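Each chain, letter by letter, is given below.
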Amino acid sequence: MATIVLVVSDLHVNSTVALCPPVFDLDDGGTYRASPQQRFLWRHWLALCETTAARRMGHRLVVILNGELADNNYHPTTQLITKNPADMMRLSATVLKPVLDMIGDGDLILVTRGTEAHSGPSGAMDEAIARDIGATGPTADIASHWRLRATIDGVRFDVAHHPPDGGGRLPWTRGNFANRLAAMSIFESAERGARSPHLLMRGHVHRPDDSYDKYATRAIVLPSWQLTTSYGHRIGGDPLPIGGIIVTCDAGRYTVEKHYHNWIDDGFKTL
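Residues numbered from 1 in each chain as written. Predicted model: local features only at pLDDT ≥ 70, side-chain atom pairs only at ≥ 80, totals over all residues. Heavy atoms only, no water.

**Notes on the overall build of the chain**
Moving on, step 1. For the chain, the helix and strand inventory stands at six helices and twelve strands.
Moving on, step 2. Across the 271 residues in the chain, those meeting the buried criterion constitute 51%.
Moving on, step 3. A sequence separation of at least 24 residues applies to 67% of the contacts in the chain between residues at least 6 apart.
Moving on, step 4. Taken as a whole, the chain presents about 12,800 Å² of accessible surface, with 53% of it coming from carbon and sulfur. (Helix = DSSP H or I, 4+ residues; strand = E, 2+ residues; numbered from the N terminus. Buried < 20%, exposed > 50% of the residue type's maximum accessible area, 1.4 Å probe, protein only. Contact = heavy atoms within 4.5 Å. Areas by Shrake-Rupley, 256 points an atom, 1.4 Å probe, with all protein chains shown as cover.)

**Let's talk about helix H4 (residues 124-132)**
Moving on, step 1. Within H4 the residues assigned to the buried category are Met-125, Asp-126, Glu-127, Ile-129 and Ala-130.
Moving on, step 2. Downstream of H4 by one or two residues, Gly-134 has phi in the positive range, about 75°.

**A look at the sheet that holds strand S11 (residues 242-250)**
Moving on, step 1. A sheet is described by the order of its strands in space; here five strands give the open sequence S5-S4-S1-S11-S12, paired in mixed fashion. Since the sheet does not close on itself, it has two edges, and those belong to strand S5 (108-112) and strand S12 (253-261), each with one partner. Put simply, the sheet's adjacent strands are angled 15° from each other on average, direction ignored.
Moving on, step 2. Sitting on the sheet, helix H1 (residues 36-55) is in contact with strand S1 (3-9), strand S4 (60-66), S11 and S12, with an inclination near 10° to S11. (Pairing = 2+ DSSP bridges. Axes fitted to C-alpha atoms, helices over the stretch in contact; angles between N-to-C directions.)

**So, the side chain of His-206**
Moving on, step 1. Mapped onto the fold, His-206 is located in the loop between strand S8 (199-202) and strand S9 (209-210).
Moving on, step 2. Reaching out from His-206, the side chain makes a polar contact with the side chain of His-12 at a distance of 3.2 Å.
Moving on, step 3. Discounting residues that sit within four places of it in the chain, His-206 has contacts with Asp-10, His-12, Leu-222, Pro-223, Ser-224, Gln-226, Leu-240 and Pro-241. (Polar contact = N/O pair within 3.5 Å; in protein donor to acceptor, adjacent residues only side chain to side chain.)

**Concerning helix H2 (residues 85-100)**
Moving on, step 1. Spanning 16 residues, H2 covers 21 Å between terminal C-alpha atoms, matching the ideal 22 Å at 1.5 Å per step.
Moving on, step 2. Taking the largest bend as the criterion, H2 deviates by roughly 35°, centred on Thr-94, and proline Pro-98 comes between one and four positions later.
Moving on, step 3. Within the span of H2, buried status applies to Asp-87, Met-88, Leu-91, Ser-92, Val-95, Leu-96 and Val-99.
Moving on, step 4. Lining the buried residues of H2 we find strand S2 (23-25), H1, S4 and H4.
Moving on, step 5. Where H2 begins, one side-chain oxygen reaches toward the backbone nitrogen of Ala-86, 2.8 Å away; that side chain belongs to Asn-84. (Expected span 1.5 Å × (residues − 1). Bend = angle between axes of the 7 residues up to and from the residue.)

**Points about the side chain of Thr-52**
Moving on, step 1. Here Thr-52 shows up in helix H1.
Moving on, step 2. The exposure class assigned to Thr-52 is buried, which follows from its relative accessible area of 0%.
Moving on, step 3. Within polar-contact distance, the side chain of Thr-52 engages the backbone oxygen of Leu-48 at 2.8 Å.
Moving on, step 4. Apart from residues lying up to four places away in sequence, Thr-52 is in contact with Leu-6, Leu-61, Met-102 and Ile-246.

**Considerations on the sheet that holds strand S10 (residues 218-221)**
Moving on, step 1. The five strands lie next to each other as S6-S7-S8-S10-S9, forming an open sheet whose pairing is mixed. Two strands bound the open sheet, and with one partner strand each, they are strand S6 (147-152) and S9.
Moving on, step 2. Both S8 and S10 contribute to a ladder of four bridges, which runs parallel. Counterpart to Met-201 in the pairing with S10 is Ile-220.

**Some points on unusual backbone geometry**
Moving on, step 1. For Asp-153, which is not glycine, the phi torsion reads 50° and is therefore positive.
Moving on, step 2. Note that Asp-153 resides in the loop between S6 and strand S7 (155-160).
Moving on, step 3. One non-glycine residue, His-206, lies in positive phi territory at about 70°.
Moving on, step 4. Here His-206 falls in the buried class, since its relative accessible area comes to 12%.

**Focus: the environment of Asp-87**
Moving on, step 1. With respect to the element layout, Asp-87 can be found in helix H2.
Moving on, step 2. On the accessibility criterion, Asp-87 (3% relative accessible area) is buried.
Moving on, step 3. For the pair Asp-87 and Asp-28, spaced 59 residues apart in sequence, the C-alpha separation works out to 9.7 Å.
Moving on, step 4. Excluding residues that lie within four positions of it along the chain, Asp-87 makes contacts with Phe-24, Leu-26, Asp-27 and Thr-82.

**Regarding the pattern of salt bridges**
It is possible for side chains of opposite charge to pair when their charged atoms get near one another.
Moving on, step 1. The full count for this structure, using the stated rule, is eleven salt bridges.
Moving on, step 2. With a shortest N-O distance of 2.7 Å, Asp-87 and Arg-90 are connected by a salt bridge. Here Asp-87 and its partner Arg-90 are both found in helix H2, three residues apart, which amounts to about one turn of the helix.
Moving on, step 3. The partner of Lys-258 in a salt bridge is Asp-210, and the shortest N-O contact between them spans 2.8 Å. With Lys-258 in strand S12 and Asp-210 in strand S9, the pair connects residues that are 48 residues apart, well separated along the chain.
Moving on, step 4. The exposure class of Asp-210 is buried, given its relative accessible area of 5%.
Moving on, step 5. Connected via shared salt-bridge partners are Arg-147, Arg-149, Asp-158 and Arg-202. (Salt bridge = Lys/Arg side-chain N within 4 Å of Asp/Glu carboxyl O.)

In structure tokens form, the structure reads like this:
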């Protein structure tokens, strides 16, 4: 029996340009209604959960949530739905419900911690959400991981939110970023006398990348579930792909299935 592993990163729930249900009632009695872009994200989120549920039939399921599950952006910004921590937790629970509904006996949820600028000091918001959803942590008292190293059905995973740098921004150098991550992992493992991972996964930069089969370790940089923020507009970026991956692990062998999508709006208006 194989194990199905769903991996998603950078949900940024509570951002006005990230994952959100169509309607959310706030603590003070107001109501937040999702934008067209957020409804696009929500449709693909539900579709990914439905696909995962179909894939896992008869198999064990492991879900890896790779940091920044909620967004309490500590930079000056207007792009937050609420500043109420209780609302943020409730909103996160609503977004994660389709994932939690798939979890049964023997299944696992694993959470890593994102950057402090979004998840709070020491990734406190990610830790709080991990505790709330019953995630399996490194110890009985801690529910989230700074760096997750785990063997799942014979496949070695090395998952963390932050890559060592924010490379890969230029289209013609993008592939070099994942290649560098894969090579670094192999060399660092050799220096420690440790086994290198089969799959190295990182997030944070929102720009997906993949080293494919160039090295024994495959490095995958995951997309986010957030479209262009005010910072993204400032640096002149178009919306990046969103989505997640489903990995099928079976006795040390694996297959990767990407579910990436683009928000299509070429920006040209007839005047």
